[in-house]
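Coordinate analysis (summary)
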Amino acid sequence: MEFYRSHVLVCGGTPCVLEGCKGVRDALIAEVKRRGLDREVKVVETGCLGPCDLGPVIVVYPEGTLYQKVRVSDVPEIVEQHLLKGRVVTRLVGEAPQAGVVKYEEPTYLGVQERIVLRNCGVIDPESIEEYIARDGYRALAKCLTEMKPADVIEAVKKSGLVGRGGAAFPTGLKWSFTAKADADQKYILCNADEGEPGTFKDRLILEGDPHSILEGMAIAGYAVGADKGFIYVRGEYVLSIERLGKAIEQAKALGLLGSNIFGSGFSFDVEIRKGAGAYVCGEETGLIESIEGKRGEPRIKPPYPGTEGLYGKPTVVNNVETIANIPPILLNGPDWFRKFGTERCPGTKVFTLTGDINNKGLIEVPMGITLRRVIYEIGGGIPGGREFKMAQTGGTSGGCLPKELLDVPMDYFTLPEHGSALGSGALLIMDASHCIVDIAECFMRFFEHESCGKCTPCREGTARLHEIVAKIARGEGKPGDLELLDELGSVMQVSSLCGLGQAAPVPIKTMLKYFRDEFEAHINDRLCPTGTCGI
Amino acid sequence: METAAKSASICPAKVSEILAKYSRRPDALVSILHDVQKEAGYLSEEAITEIASGLDIPVSKVYGVATFYTLFSTKPKGQYVIRVCENAPCHVLGAKAIVEALEKELGIPMGGTTSDGKFTLEYTSCLGVCGVAPAIMINEAVYGNLTPERVPLILKEYK
Amino acid sequence: MAMVTIDGRKVEVDAGTTILNAAKKLGIDIPTLCHHPDLAVQAVCRICVVEIEGQKLLQPACAFPVQDGMVVYTNTPRVRQARKVNLELLLARHPQDCLQCVRNRSCELQALAERFGMREIRFEHKLRGLPEDHSTPAIVREPDKCILCRRCVSMCHDVQAAGVLFPSRRGADTVVTPVFGRGLDEVACALCGQCIHACPVGAISERDDTERVWQALADPNKHVVVQTAPATRVSIGEEMGLPPGQIITGKLVAALRRLGFDKVMDTDFTADLTIIEEGNEFLKRLKEGGVLPMITSCSPGWIKFGEHFYPDLLKHISTCKSPQQMFGALVKTYYARKAGIDPKDIFSVSLMPCTAKKYEADRPEMCDSGYKDVDVVLTSRELGRMLREAGIRFEDLPEEEHDDPMGISTGAAAIFGATGGVMEAALRTVYEVATGSELPKIDFEEVRGLKGIKEAQVKVGDLDVRVAVAHGLGNAKKILDLLREGKANYHFIEIMCCPGGCVGGGGQPIPTTMEIRGIRGNALYEADRGLPYRKSHENPAIKQIYAEFLGEPLGEVSHHLLHTHYTPRQKYPSVAKAVCGEAAG
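Residues numbered from 1 in each chain as written. Chains lettered and ligands numbered in written order. Predicted model: local features only at pLDDT ≥ 70, side-chain atom pairs only at ≥ 80, totals over all residues. Heavy atoms only, no water.

1. As for the overall build of chain A
Secondary structure summary: chain A contains 22 helices and 13 strands in total. In terms of principal-axis extent, the alpha carbons of chain A reach across some 75 × 60 × 40 Å. In chain A, which comprises 536 residues, the proportion classed as buried is 65%. Here chain A holds 61 positive side-chain charges and 72 negative ones, and the gap between their average locations is 2 Å. (Helix = DSSP H or I, 4+ residues; strand = E, 2+ residues; numbered from the N terminus. Buried < 20%, exposed > 50% of the residue type's maximum accessible area, 1.4 Å probe, protein only. Lys, Arg positive; Asp, Glu negative; His and termini not counted. Charge placed at Lys NZ, Arg CZ, Asp CG, Glu CD.)

2. A closer look at helix 8 (residues 172–181) of chain A
In an α-helix, one full turn covers 3.6 residues, which means residues spaced three or four apart are oriented alike. Residues and elements named next belong to chain A. Restricting attention to buried positions, one finds in helix 8 the residues T172, G173, W176, S177 and T179. In an axial view of helix 8, the angular spread of the buried residues amounts to 165°, which keeps them on one side of the axis. The inward-facing, buried residues of helix 8 contact helix 7 (150–160), helix 10 (211–225), strand 8 (316–320) and helix 13 (321–333). (Arc of directions from axis to C-beta. Contact = heavy atoms within 4.5 Å.)

3. Focus: the nonpolar core
Of all hydrophobic cores here, the largest spans 138 residues; its most connected members are I51(B) and Y69(B). Judged by nonpolar contacts, the second largest core, of 66 residues, contains I116(A), V157(A), A221(A) and I262(A). (Core = buried A, V, L, I, M, F, W, Y, C linked by side-chain atoms within 4.5 Å.)

4. Here we look at the packing of aromatic side chains
Per the stated rule, a full pass over the model turns up 21 aromatic pairs over all chains. Between the aromatic rings of Y69(B) and F72(B), the centroid separation amounts to 5.9 Å while the plane-to-plane angle is 80°, which identifies the pairing as edge-to-face. Y69(B) gets classed as buried once you look at its relative accessible area, which sits at 2%. Note on F305(C) and Y310(C): the rings are 6.1 Å apart at their centroids and 50° apart in plane angle, and the pair reads as tilted. Of the two residues examined, F305(C) and Y310(C), each falls in the buried class. Aromatic rings pair up to connect Y80(B), F119(B), Y143(B) and Y158(B) into one cluster. Residue placement shows R170(C) over the ring face of F68(B); its charged tip is 5.8 Å from the ring centre. Taking NZ or CZ as reference, K304(C) lies 4.9 Å from the ring centre of Y359(C), over its face. (Phe/Tyr/Trp six-rings, centres within 6.5 Å; stacked < 30°, edge-to-face > 60°. Lys NZ or Arg CZ within 6 Å of the ring centre and 35° of its normal.)

5. Here we look at empty space enclosed by the protein
Rolled over the atoms, a probe with the dimensions of a water molecule shows which regions are left empty. Residue and element names in this part refer to chain C. Under the counting rule described, the total for this entry stands at 14 cavities of 30 Å³ or more. In this structure, the largest cavity spans a volume of roughly 250 Å³. Looking at the largest cavity, it is lined by 23 residues, and the ones nearest its centre are C298, P300, P353, K357 and C502. Of all the secondary structure elements, the ones that give two or more residues to the lining of the largest cavity are helix 10 (300–309), helix 11 (323–339) and helix 12 (356–362). Looking at the lining of the largest cavity residue by residue, the class counts come to 16 nonpolar, six polar and one charged. (1 Å grid on protein atoms, 1.4 Å probe; cavity = no way out; pocket = protein on both sides within 12 Å on 5 of 7 lines; lining within 4 Å. Points joined across faces, edges and corners; volume = space filled by probe spheres on them. Nonpolar A, V, L, I, M, F, W, Y, C, P; charged D, E, K, R; others polar.)

6. Side note on the interface of chain B and chain C
Taken together, the contacts link 24 residues of chain B with 22 residues of chain C. Inspection of the region where chain B meets chain C yields two salt bridges. A salt bridge links E45(B) to R182(C); the shortest N-O distance between them is 2.5 Å. On the surface where chain B and chain C come into contact, there are six residue pairs in polar contact (both at pLDDT 80 or more). Mapped by element, the contributors of at least two residues to the side of chain B that touches chain C are helix 1 (12–21), helix 3 (45–55) and helix 4 (59–66) of chain B. Here the residues of the side of chain B that touches chain C sort into eleven nonpolar, seven polar and six charged. (Salt bridge = Lys/Arg side-chain N within 4 Å of Asp/Glu carboxyl O. Polar contact = N/O pair within 3.5 Å; in protein donor to acceptor, adjacent residues only side chain to side chain.)

7. As for unusual backbone geometry
In terms of backbone geometry, most residues other than glycine have negative phi values and most peptide bonds are trans. Each neighbour pair has its own omega, and for K302(A) with P303(A) the value is -5°, a cis peptide bond. With respect to the element layout, P303(A) can be found in the loop between helix 12 (285–292) and strand 8. A cis geometry characterises the amide bond from I510(C) onward to P511(C), with omega recorded as 5°. By the secondary structure assignment, P511(C) is in the loop between strand 17 (492–496) and helix 17 (514–529). One non-glycine residue with positive phi stands out, namely D136(A), at about 70°.

8. Comments concerning the domain arrangement of chain B
According to the domain assignment, chain B consists of domain 1 (12–66) and domain 2 (80–156). Taking only C-alpha atoms into account, the centre of domain 1 of chain B sits 29 Å from that of domain 2 of chain B. (Domains from an automatic or database assignment.)

9. Considering the side chain of E195(A)
Residues and elements named next belong to chain A. Of note, E195 is situated in the loop between strand 5 (188–193) and helix 9 (202–209). Despite being buried, E195 has no salt bridge partner; K202 is the closest side chain of opposite charge, sitting 4.8 Å away. Only 2.8 Å separates the side chain of E195 from the side chain of Y238, close enough to count as a polar contact. Discounting residues that sit within four places of it in the chain, E195 has contacts with T200, F201, K202, D203, R204, R235 and Y238.

10. Some details on the pattern of salt bridges
Enumeration according to the criterion identifies 113 salt bridges over all chains in this entry. Notably, a salt bridge pairs E488(A) with R122(C), separated by 2.7 Å at the nearest N-O pair. One end of the pair, E488(A), is in helix 19 (residues 482–496); the other, R122(C), is in the loop between helix 3 (108–115) and strand 6 (139–141), on a second chain. Among the residues examined, E488(A) registers a relative accessible area of 22% and is labelled partly exposed. Relative accessible area serves as the criterion here: at 29%, R122(C) is assigned to the partly exposed category. Notably, a salt bridge pairs K372(C) with D362(C), separated by 2.7 Å at the nearest N-O pair. Taken together, the residues K372(C) in the loop between helix 12 and strand 14 (376–379) and D362(C) in helix 12 connect sequence positions ten residues apart. Overall, K372(C) belongs to the partly exposed group, its relative accessible area being 27%. Among the residues examined, D362(C) registers a relative accessible area of 34% and is labelled partly exposed. Linked by salt bridges that have partners in common, K22(A), R25(A), D26(A), E45(A), E127(A), E243(A), R244(A) and K247(A) make up one network.

11. Focus: the interface of chain B and chain A
Contact with chain B, which involves 37 residues of that partner, is made by 54 residues of chain A. With both chains or domains summed, chain B and chain A bury close to 3,400 Å², and 60% of this area falls on carbon and sulfur atoms. Together, F68(B), Y69(B) and V92(B) form the three largest contributors to the area buried by chain B at its contact with chain A, with a combined 17%. Measuring nitrogen to oxygen at the nearest pair gives 3.4 Å for the salt bridge that ties K96(B) to D439(A). Here chain B is connected to chain A by 17 residue pairs in polar contact (both at pLDDT 80 or more). For the side of chain B that touches chain A, the class distribution of residues is 20 nonpolar, twelve polar and five charged. (Buried area = accessible area lost by both parts, 1.4 Å probe.)

12. Some details on the environment of E51(C)
Residues and elements named next belong to chain C. Mapping E51 onto the fold places it in strand 3 (residues 49–52). Between the C-alpha atoms of E51 and A576, which are 525 residues apart in sequence, the distance is 52 Å. Excluding its chain neighbours within four sequence positions, the residues that come into contact with E51 are L58, V71, V72, Y73, T76, R78 and V79. A polar contact of 2.7 Å, which involves the side chain of E51, links it to the side chain of T76.

13. Remarks on the domain arrangement of chain A
What the domain assignment lists for chain A is domain 1 (6–107), domain 2 (129–339), domain 3 (349–432) and domain 4 (437–525). Between domain 1 of chain A and domain 4 of chain A, the C-alpha centre-to-centre distance is 46 Å.

Listed below in structure tokens is the structure:
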């Protein structure tokens, strides 16, 4: 391998692409070459580096200096000063919490992160299988195929305590065991990358930043349950994810890491990409299956569950992107290693996406069980302008809203539900005191009305009615009894809707009614908004 | 910039070519609709009928699928479709003002198409770029960290 | 087997039985709405939800399978609340114009509202404002009444293979519609009306033509003649409060006379005539090497389906008109001449189990008498309405006979109304006409019953005649696809559009389920056994009409009045075409 004294990582995640990172990358390559540094300095485009609102972001190693909001016009200076003369361009390091040079992997900036899922994101060139392999890529698969029986693989995943990271938190090993036990001529592994939960973009950035980890994880799952075919169902909007996955599949096939008789083990596995077409409900596993089968993405009645009767009626494992990304490291390092992270009930890490009124928006990975307060104030850098925290919605739009009294609740799949919320996909939407609760509630409810598939009564009619009633309250047309009706309707939707969409749609409104009821009442009874911001 | 959507309809021969690419498998319907729409800009009644005929499935089913997904359109749209996210993370950071700026700048309401057929304005669900909210997507290009002031500048690139 | 406890009582059922059926065994009637005994499980209305011990979510009883040891509660406060709120949600989108609705008192939603004592709807009453579809002479759609249970979708796709009705759009905008939101007249709809039987509410119904009949009956210058279809004599009783399967031929005739019809004659007569013409056509095709297999033509839903989906196979269909249209052509020629009435003064009404018959009567080619052969087609349901309006009560009526000269019929004609009946009737005649000897056994059991596709082989002289019978268009499609591939090795095929045959027609009383179709069909076989003549060629009135008017089977008069042709139709609605030049290639 060639040796370079410096590596310049250019974040190639979508948010940075939007801000022009491609131009910066090209300018860096050209400038490095022009200065005759191309044998010493390597410019690498990577997956997401995390601070999505500071793009384009680049990191220069070995120093680990993070530059933000880099423009093409800054490139000559960076090359001249940093790469040639070894001086940090301080004007581009931003106002980090600690003055001076910001080092990317140091906890001072991105806090108490533990990177399992994002181990390669922002470190390797996602379009290079060689770099993935150099970071132990496909070693877990090799270990499974050559040293372990399928049952051992399932046992290891069970022992790790990994639960599904898409939101439902079903134990992954157990799920696999159902499909492994099913007797069928054909089984499937589906990777659910139909990430539609508002505020969530972790799967996008994992796919963009480390697509091979998904292919490897799926192949391991296939080996464990006896499936030789996998599909990745990606949102149609995720253009870059689809492109990178496509390249990764080609590369893996070329090296024999996908295809027939992998590592001479007799095990074969192929992966195809399927593009979604704009339907949140396809994130529900049976809606996703229907969509792959070329139908309206309407969830199926369960049972039967996909584990025994899924895609084309065959036993099918459906796992979320983040769940699958956890698989190779678990198999490589063992379940006990994995259990060192997170909590006893909920081992491992969780990838969160920070959005809303928070200084550092972006992608983070932290141990399961971290408190909201630490995420907001230690990692997220607090609320802009030092404004007051009002609430955080955890788990995306289908999650609950937590008031400041609950800032110290540990965030995991079991504790949050005790407070009426959910960890869900890991989206964290922070809202400061300037926001009107009714206005936000209307926004949430509008989303569900738009995304209900329309199949079952409580969800089709209920989401429309929740929105209608909240919209009336927001317009100052609320009437006594509205809140009780919202509560009752919400409860009925939660227990009688056909799928998770209708069951979760009332969660935000129910928690808002629980923690901010007085604000709704002010809109109804006094026709005024306590925050004075909603225009009632 | 990516290729602009064409507003013309699609010829049966082209549909047939796309169907052949998927071996006329009915389970490839969503992919087929993607490809046909990419070619034609929207899914015309003729294209939907051709697909049904080529896959030998009821045309009502093809129409049912085409109208289920928001990325598909059965009506012609502008050359540039501007999808505006108004989900919570964008809403919290001022998507409403972006909507107003777009409506004002283009002189059409949300859901409308400019009279010259150039722009269509519509809502979308979360684009998954909430780190740079508020965001919009113009055909396949995403724009984030928007302010009402940036709207005219972005539109200028397309005018 | 699984032992389950429902509302504190234990019952043993097969593992996998739904909670709904397990509860039924205990006499517990769980309310349902989207559930239909003959159709695919939908589990979308969420009215039948129940509580299962150990589960947070309520589960739909219609779909959820029991497991050994399961403990179920069907009537807890949580269950009742969910059912009522879901019902309330549906009602808030429903027109609630029950008094003016065709399904008043036969509506399942209305029955549930009554059962749950719905006194208040807290959600704003908001209709979707969708346009009604009056585009065909047969079926009316009122999508605002639709509660999106999808039973019609399952009927139209899974059972009838027509694929007309399907959900489009999504969420609260979801609408079940023909493609592109077109009218039924623009799509490949057989107008079979089975969707009406599937519909729990009044979103789909027959076009009501009763007013035109009332007007004709009140017009002193009109000579109003009615014909009664085979299947109606075992179903009209249901309209009058009798259980299914009652043979009410005589009372029906009496009732029609009391309504004011000048003559009450019988479609069964022309059913016999059909057998003579069709039987001879079949023998001719056999003898002269004509197109085989020949397919029966009396079901207008099947004909329209065939014209849309199998235009290449139309030459297989017998050219015989349906009994309704044979009757229509004869009533304004043969009967008019015999009775000395100017055909322009004859108003010809038919009582049919069928909605497609309304379309058939309106076909432009159905004017061979020089007038519209059948002026109005009434379905069984419409006649029921007229009888109830007139205050006619079946229990008070005597049994009366049909009028001459087209009132005498045989048992062979009666069984036309059940699947396999036309085939059986044809075989009885074909055998005896071809061989000149009497049939050893008159009953062809192999072609009876509700099996989807039935086959039989009958030795007629030296030839083993292979026949097949299909009812329901889904079954018909299977045979027609084989035929298209050259793999249908039959001489003669009977196709009936509706499951069970005409007894299950789209115009029959509500409810019409598979079970009821079977009961009505059995009643027809019972009627057959009770009749003096059981073979069409033995019908003295048939012999008379050939002697006096028609001459011979397949003769010139027959050709003109009793035979027809078919029109290839489009499978897809017409659409705007793209301009395709080389540039587009």
